[in-house]
Amino acid sequence: MITIISSTNRPDSKSLAVANIMQKLFAELNVPAQVLSLTQLPHDFAFADLYGKRSAEMHDIVAKYVEVSNKFIFVVPEYNGSFPGVLKTFIDAIPPRLFKDKKASIIGVSDGHAGNLRGQEHLMGILHHIKMLVHYSKPKLSGIDKLVNANNEILDEHTSKILHDHALLMSNF
């Protein structure tokens, strides 16, 4: 199972749009994939679910999206030159053994011109630290507001091909 994580808790984000597009691409390839939007996290999880405590709601999220998955795709928007703090807190709330030796990739998303390259690098260091295997392909989607329309569809043929090719790579990783 592949879990695609929309790595922000901002409602109706472009990251969630990209995550849903990736899920559709995997469906076309007959590869099981699911989307976890960090908007689904309990509002108090940063205090209630860290350091060995676990709410029933967070337990269900971990069981459904982390424990059963062997691959993860992190769709990561740029926040202040890096990635959203809610993603780091989410990772911190999960025992590292649940990520160990699992595979991951990172899709950077930004309205700027670098596609969150710096945030991808920051996240890659953390994923390596918790012993995940990170794929070399890390698509960077720059100018995301111009690439995704109001119906959350990719407008640009080049970007569609990048995402399709990435889905193929992750299917075989």
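Presented here is a report on the structure given in the accompanying data block.

Basis of the calculations
- Residues numbered from 1 in each chain as written.
- Predicted model: local features only at pLDDT ≥ 70, side-chain atom pairs only at ≥ 80, totals over all residues.
- Heavy atoms only, no water.
- Salt bridge = Lys/Arg side-chain N within 4 Å of Asp/Glu carboxyl O.
- Helix = DSSP H or I, 4+ residues; strand = E, 2+ residues; numbered from the N terminus.
- Axes fitted to C-alpha atoms, helices over the stretch in contact; angles between N-to-C directions.
- Parallel < 35°, antiparallel > 145°, perpendicular 65-115°, else oblique.
- Left-handed = near helix turned anticlockwise from the far one by under 90°.
- Contact = heavy atoms within 4.5 Å.
- Nonpolar A, V, L, I, M, F, W, Y, C, P; charged D, E, K, R; others polar.

## Examining the pattern of salt bridges
- Evaluated as defined, the whole model comprises 2 salt bridges.
- Residues D165 and K161 are paired through a salt bridge, measuring 2.8 Å at the closest nitrogen-oxygen approach. You can see D165 and its partner K161 sitting in helix α7 (residues 157-171), 4 residues apart, about one turn around the helix.

## Here we look at the packing of helix α1 (residues 14-28) against α7
- Running from N to C, α1 and α7 cross one another at 60°; their axes reach a closest spacing of 10 Å. When the axis of α1 is compared with that of α7, the two are oblique. In this structure, the crossing between α1 and α7 has a hand that is right-handed. Here V18, I21, M22, L25 and F26 of α1 lie close against α7, whose contacting residues are L163, H164, H166, A167, M170 and S171.
- Looking at the contact of α1 with α7, its residues break down into 8 nonpolar, 3 polar and no charged.

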